[in-house]
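Chain residues, written in single-letter form:
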Amino acid sequence: MALEHALLVALSERPASGLELTRRFEKSLGFFWHATHQQIYRVLARMEADGWVTVEVVEQEGRPDKRVHTPSEAGRAVLAEWLAAPLPMETFRSDLAVKLRGASYGDRARLTEHLVDLRADHATRLSHYEKFEREQFPEPAALDGAALDQWLVLRGGLRLEQFWIDWITEYLDAHQGFEARSARTSTTERD
């Protein structure tokens, strides 16, 4: 997916300035698609040049004028075409998976420390997602259209964070059990 598509989705939900988009990426969209403010502004300029967005200049008192972007007819067509295209199967490319597999060849104790921190980070993100769900979607059964889509993506994020927490916990527990068994075996052999 190109950043252009993520921006078209965000602008379809609500027209916005580059600053507003940056803030939305920091608060919600960024959990699923990362972009810096420089990337957002650069891509918005390209989308404007390509005719994918229209810009309304809004005067502001005491501040520079705000440029509010909205998908144009061409931008909506690009988004519709992208949404209708078949999806490739998601791939699982993970530094974590490679590190877990290779842990026996390095400093497992250091990796374990990082895993504990990483699990805490995923737990924090899960907590944020749960808060978003409670605040933004208090009655999921009543949702439809864009709100239902947003809630279902959030549910995917909740499940993904729970997956990371469970997987890291399983790894840590398995190695703690292995270390405990090894310690008992060593003690028994000495006796």
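Residues numbered from 1 in each chain as written. Predicted model: local features only at pLDDT ≥ 70, side-chain atom pairs only at ≥ 80, totals over all residues. Heavy atoms only, no water.

**Looking at the domain arrangement of the chain**
Point 1. Taken domain by domain, the chain holds domain 1 (3–84) and domain 2 (95–189).
Point 2. In this structure, domain 1 and domain 2 have C-alpha centres spaced 32 Å apart.
Point 3. Taken together, the contacts link four residues of domain 1 with seven residues of domain 2.
Point 4. Summed over both sides, the interface of domain 1 with domain 2 buries roughly 490 Å², with 71% coming from carbon and sulfur.
Point 5. It is Glu13, Phe31 and Phe32 that lose the most area in domain 1 upon contact with domain 2, and together they represent 91% of the buried surface on that side.
Point 6. Run the count over domain 1 and domain 2 and you get zero salt bridges. (Domains from an automatic or database assignment. Contact = heavy atoms within 4.5 Å. Buried area = accessible area lost by both parts, 1.4 Å probe. Salt bridge = Lys/Arg side-chain N within 4 Å of Asp/Glu carboxyl O.)

**Points about the side chain of Ser94**
Point 1. Secondary-structure assignment places Ser94 in the loop between helix H4 (73–84) and helix H5 (95–102).
Point 2. A polar side-chain atom of Ser94 sits 3.1 Å from the main-chain amide nitrogen of Leu96.
Point 3. Reaching out from Ser94, the side chain makes a polar contact with the backbone nitrogen of Ala97 at a distance of 3.0 Å. (Helix = DSSP H or I, 4+ residues; strand = E, 2+ residues; numbered from the N terminus. Polar contact = N/O pair within 3.5 Å; in protein donor to acceptor, adjacent residues only side chain to side chain.)

**Side note on the packing of aromatic side chains**
A ring pair, where both rings are aromatic, is described by two values, the distance of the centres and the angle of the planes.
Point 1. In this structure the tally under the stated criterion is three aromatic pairs.
Point 2. Ring geometry for Trp164 and Trp167: centres 5.8 Å apart, planes at 40 degrees, overall tilted. Residue Trp164 and its partner Trp167 are located together in helix H7 (residues 145–190), separated by three residues, close to a single helical turn.
Point 3. Three or more aromatic residues joined by ring pairs form one cluster here, namely Phe163, Trp164 and Trp167. (Phe/Tyr/Trp six-rings, centres within 6.5 Å; stacked < 30°, edge-to-face > 60°.)

**Observations regarding a negative patch on the surface**
Point 1. Taken together, Asp107, Glu113, Asp117 and Asp121 make up a surface patch of like negative charges.
Point 2. Looking at where Asp107 falls in the secondary structure, it is placed in the loop between H5 and helix H6 (108–136). (Patch = residues over 30% accessible without salt bridge, like charges linked within 9 Å, V, L, I, M, F, W, Y side chains within 5 Å. Areas by Shrake-Rupley, 256 points an atom, 1.4 Å probe, with all protein chains shown as cover. Lys, Arg positive; Asp, Glu negative; His and termini not counted. Charge placed at Lys NZ, Arg CZ, Asp CG, Glu CD.)

**Some words on a nonpolar patch on the surface**
Point 1. Residues Phe92, Leu160 and Phe163 make up a contiguous nonpolar surface patch of about 290 Å² in total accessible area.
Point 2. In this fold, Leu160 is placed in helix H7.

**Topic: helix H1 (residues 3–13)**
Point 1. Across the 11 residues that make up H1, a large majority, eight, are buried.
Point 2. Of all the residues in H1, the buried ones are Leu3, Glu4, His5, Ala6, Leu7, Leu8, Ala10 and Leu11.
Point 3. As for H1, its buried residues are in contact with helix H2 (18–27), helix H3 (37–49), strand E1 (53–58), strand E2 (66–71) and H4. (Buried < 20%, exposed > 50% of the residue type's maximum accessible area, 1.4 Å probe, protein only.)

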